[in-house]
Amino acid sequence: MVLILVAILLTAILASAALAIDLGSFYQAQTRAQSAADAAALAAAQDLAGSSSTAAAADGTTIAQTNYPGATVTVSQPTTNEAKVTVNASSPSIFGQALGLTSARVGATAVAAVTGTTTRCTSP
């Protein structure tokens with residue numbers, strides 16, 4: 001009887017650890033993706049003031065991948081003075097693998113605009 005109870009409680013403890021540790025890990029990955037998108041959007045928007053959109057896209061991609069290696073980065077130009085960067089990545093699960101959850105997709109988007117001599121960034 002005790003063995004059965006321990007087995008059931010061990011499963012509950014593992015599920016709790018998976019929830020706490022993996023959700024924290026996913027939240028950290030989301031924050032990292034947002035930071036990479038913000039930095040890349042600011043770099044790309046600054047390039048729009050004096051360079052071509054090709055240079056802005058290249059710089060935005062480089063900055064995002066430097067801050068979040070392995071992420072998929074998309075840089076676009078919604079208007080002539082704005083740069084939009086989207087960063088997507090997969091964050092592996094640590095304890096959740098025992099329960100069938102191997103990873104989670106995280107993503108973030110940031111838009112930066114140049115107005116005169118000021119560059120500002122918004123994260124939706």
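Preceding this paragraph is the structure being described.
The following refers to the structure shown. Owing to the predicted nature of the structure, the values given are computational and were not obtained by experimental measurement.

Formed by 23 residues in total, the largest nonpolar core has its most connected members in Tyr68, Val85 and Val87. Only helix H1 (2-50), helix H2 (53-67), strand E2 (82-92) and strand E3 (103-115) provide two or more residues apiece to this core. A per-element tally of this core places H1 first, with 9 residues. Every residue in contact with tyrosine 68, bar those within four places of it in the chain, is listed here: Ala29, Arg32, Ala33, Ala36, Ala89 and Val106.

This part takes up the environment of serine 53. Within the secondary structure, serine 53 is located in helix H2. For serine 53, a relative accessible area of 38% translates into the label partly exposed. Residues serine 53 and valine 106, spaced 53 residues apart in sequence, show a C-alpha to C-alpha distance of 26 Å. In contact with serine 53, not counting residues within four places along its chain, are Leu48 and Gln77.

Analysis parameters
Throughout this document, residue positions are counted from 1 along each chain, in the order its sequence is written. Only residues with pLDDT of at least 70 get local features here, since the model is predicted, and only at 80 or more are side-chain atom pairs given and counted; chain-wide, interface and lining totals rely on the full set of residues. Side-chain measures were taken over the full set of non-hydrogen atoms in the model, leaving aside hydrogen atoms and water. Put simply, a nonpolar core is a bunch of buried Ala, Val, Leu, Ile, Met, Phe, Trp, Tyr and Cys residues held in one set by side-chain atoms that sit within 4.5 Å of each other. Exposure is judged per residue with a 1.4 Å probe applied to protein chains only, and the accessible area is read against the type maximum: over 50% gives exposed, under 20% gives buried, and values in between give partly exposed. The secondary structure listing takes helices from DSSP runs of H or I that are at least 4 residues long and strands from runs of E that are at least 2 residues long, numbered from the N terminus. It only takes one pair of heavy atoms within 4.5 Å for two residues to be counted as in contact.

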